[in-house]
Each structure stands twice: as structure tokens, then as C-alpha cells.
Amino acid sequence: MRIITAIDIIEGKCVRLSKGNYDTKKIYNENPLEVAKSFEAHGIQYLHLVDLDGAKSSRIVNYRILEQIAYKTNLKIDFGGGLKSNADLKIAFESGANQVTGGSIAIKQPDTFKSWIQQYGAEKIILGADAMNEKVAISGWLEESKEDLIPFINSYQKKGIQNVICTDISKDGMLEGPSFDLYQRILEQTKDLKLIASGGISAFNELPKLAELGCEGTIIGKAIYEGRISLKQLENYILNQ
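This write-up is about the structure you can find in this document. (Residues numbered from 1 in each chain as written. Predicted model: local features only at pLDDT ≥ 70, side-chain atom pairs only at ≥ 80, totals over all residues. Heavy atoms only, no water.)

### Quick notes on the overall build of the chain
And then number 1: Secondary structure summary: the chain contains 11 helices and 13 strands in total.
And then number 2: In terms of overall dimensions, the chain is globule-like: its C-alpha atoms have a radius of gyration of 16 Å, near the 18 Å expected for 241 residues.
And then number 3: In terms of overall dimensions, the chain has C-alpha extents of about 40 × 40 × 35 Å along its principal axes.
And then number 4: Per-residue burial over the chain gives 55% buried out of 241 residues.
And then number 5: Sequence-distant contacts in the chain: of pairs separated by 6 or more residues, those separated by 24 or more amount to 66%.
And then number 6: Per element, the accessible surface of the chain, about 10600 Å² overall, is 45% carbon and sulfur.
And then number 7: Distance between charge centres in the chain, computed from 29 positive and 31 negative side chains, equals 2 Å. (Helix = DSSP H or I, 4+ residues; strand = E, 2+ residues; numbered from the N terminus. Rg over C-alpha atoms; globule rule 2.2 N^0.38 Å. Buried < 20%, exposed > 50% of the residue type's maximum accessible area, 1.4 Å probe, protein only. Contact = heavy atoms within 4.5 Å. Areas by Shrake-Rupley, 256 points an atom, 1.4 Å probe, with all protein chains shown as cover. Lys, Arg positive; Asp, Glu negative; His and termini not counted. Charge placed at Lys NZ, Arg CZ, Asp CG, Glu CD.)

### Overview of the nonpolar core
And then number 1: Counting 65 residues, the largest nonpolar core has Ile7, Ile69, Phe113 and Ile186 as the members making the most contacts within it.
And then number 2: Considering every element that reaches this core, the biggest residue donor is helix α7 (residues 149-157), with five residues.
And then number 3: With near-sequence residues (within four places) excluded, Ile69 lies in contact with Ile7, Pro32, Leu33, Ala36, Leu47, Leu49, Leu75 and Ile77. (Core = buried A, V, L, I, M, F, W, Y, C linked by side-chain atoms within 4.5 Å.)

### Brief notes about the packing of aromatic side chains
And then number 1: The tally for this structure, following the rule as stated, stands at seven aromatic pairs.
And then number 2: An aromatic cluster of three or more residues is present, and its members are Phe113, Trp116, Phe152 and Tyr156.
And then number 3: One cation-aromatic arrangement involves Arg2 over Tyr46; the distance from NZ or CZ to the ring centre is 4.5 Å.
And then number 4: Note that Lys159 overlies the ring of Tyr156, its terminal NZ or CZ placed 5.3 Å from the centroid. (Phe/Tyr/Trp six-rings, centres within 6.5 Å; stacked < 30°, edge-to-face > 60°. Lys NZ or Arg CZ within 6 Å of the ring centre and 35° of its normal.)

### Let's talk about the pattern of salt bridges
And then number 1: Applying the stated criterion across every chain yields a total of 11 salt bridges.
And then number 2: Here Arg2 and Glu216 are joined by a salt bridge, their closest N and O atoms 2.7 Å apart. In this pair, Arg2 sits in strand β1 (residues 2-10) while Glu216 sits in the loop between α9 (206-213) and β13 (217-220), placing the two residues 214 residues apart along the sequence.
And then number 3: On the basis of relative accessible area, Arg2 is assigned to the buried category, the value being 19%.
And then number 4: Residue Lys232 pairs with Glu235 through a salt bridge whose shortest N-O separation is 3.5 Å. Linking Lys232 with Glu235, this pair stays in helix α11 (residues 231-240), spanning three residues, or about one helical turn. (Salt bridge = Lys/Arg side-chain N within 4 Å of Asp/Glu carboxyl O.)

Spelled out as C-alpha cells, the structure:
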């Protein structure tokens, strides 16, 4: 299972939210590049970088941070937040993203999102299927759509999607453990899905459980920043897989 560390950006700073609520913002570091370099120094290869300003606005905002990290580390970056147009996607890839994650656009502009899959290939495009009460949430988790989570994932698998990041918003940033049951149901009701678990990771012993379920990757953010999981533990886990 791939270990993917997370950096969320607001106003150029490394922050974390609780349950996607912008009012709960906590700044952990004013230099995201410094954080990214510390991840890389401990053997981390993958970074989930989220432009939270972009997620709330109508366009990509913090692409300069993406550019800095992409050109000053060897991390493989998936970038999300605020990707609402072909121009945004072009900026993200030109700024060094290896993959991009689309969530709101997959609901609001499905034809555009499908064209991205066709143009760039399924390996480059990740579906962000984030859920509250098993309904897909959009617009930086500020809105709940009418789409049921698992049928939504299934519908995009038929269009070529292979990689899906799923966050149970009720768990995100709460350090109460991930949604094992939800991930199990998703994996039972889909075929050949590369499911990336996100949200709620609170302790190192949860990682083998997610791997056992069949998750292809897991995103870890707040547990690192709050000292619940050390980078040394992650380094050893990666070495011993």
C-alpha cells in the first residue's frame, strides 16, 4: 500500500481543517516546501497537495506552491482543489503535477471531466469521491450533492477511471480512525479499483488494516502534524513492505 502524505494550502501556508470546515483552520507551517522536503527525507515518494483556496473559488490559486515542490523535490504529486476548467488542468500539469484529482467537476461538469480522462489517460486523472452520509460532497465539501457514493464511483469506472480518493468527511481531521466499513463496501462493490483511503487516520496500526482491506494507498495528514504517527514509522513501513 502506498503511503501518501498530505499538504493542504490556504494563503500559501500548510494547514489542516476538521471535517472540511474552513473555520477550524490550523496553520502547521508557513513553508509548505520545507514540509515536503521533510517528507522526502524520510523516504516518502507521494504527496497529496490540495489547494483549499482554489476549492472555494472558481479557479486554481496556489499553483506556485505546486511548482516549487515539484521542482525542488522528487515527490510524485497529485494535485486537487479548484480544477474547474481545461486551463486549470493545463496549469496544474505545467506546474509539475503527476496526477490531478477532480471532485466537484465530476458532478457539475461531467463532460469536461470525461474529456480529461480521454485526453490525459486514466493514470493521470483521479476521481475525488468524498462523502458525507454516503452522498458525494462538492465545492470544498461545502455542498452535498444528490449522488450516492458507490454508484457514482461505479459510473466513472465505466468511463475509464481507475484511481479514486475517498474521504469520509465526518472523519477528516478528527483523528478518530478511518472508515474501514465504508472502504470495505466500496471494494466489495467495485472491480479492479485503485482505492486511496483518506480521512481520520489516527494511529500507525490502522495502516496494515487498510492494506489488508485492499486499499491501494492511504493519505496521511493531521496524524503526522499532531505527532500521532512519526515520519520514522512511515519510513520503516515503506522499507519493510
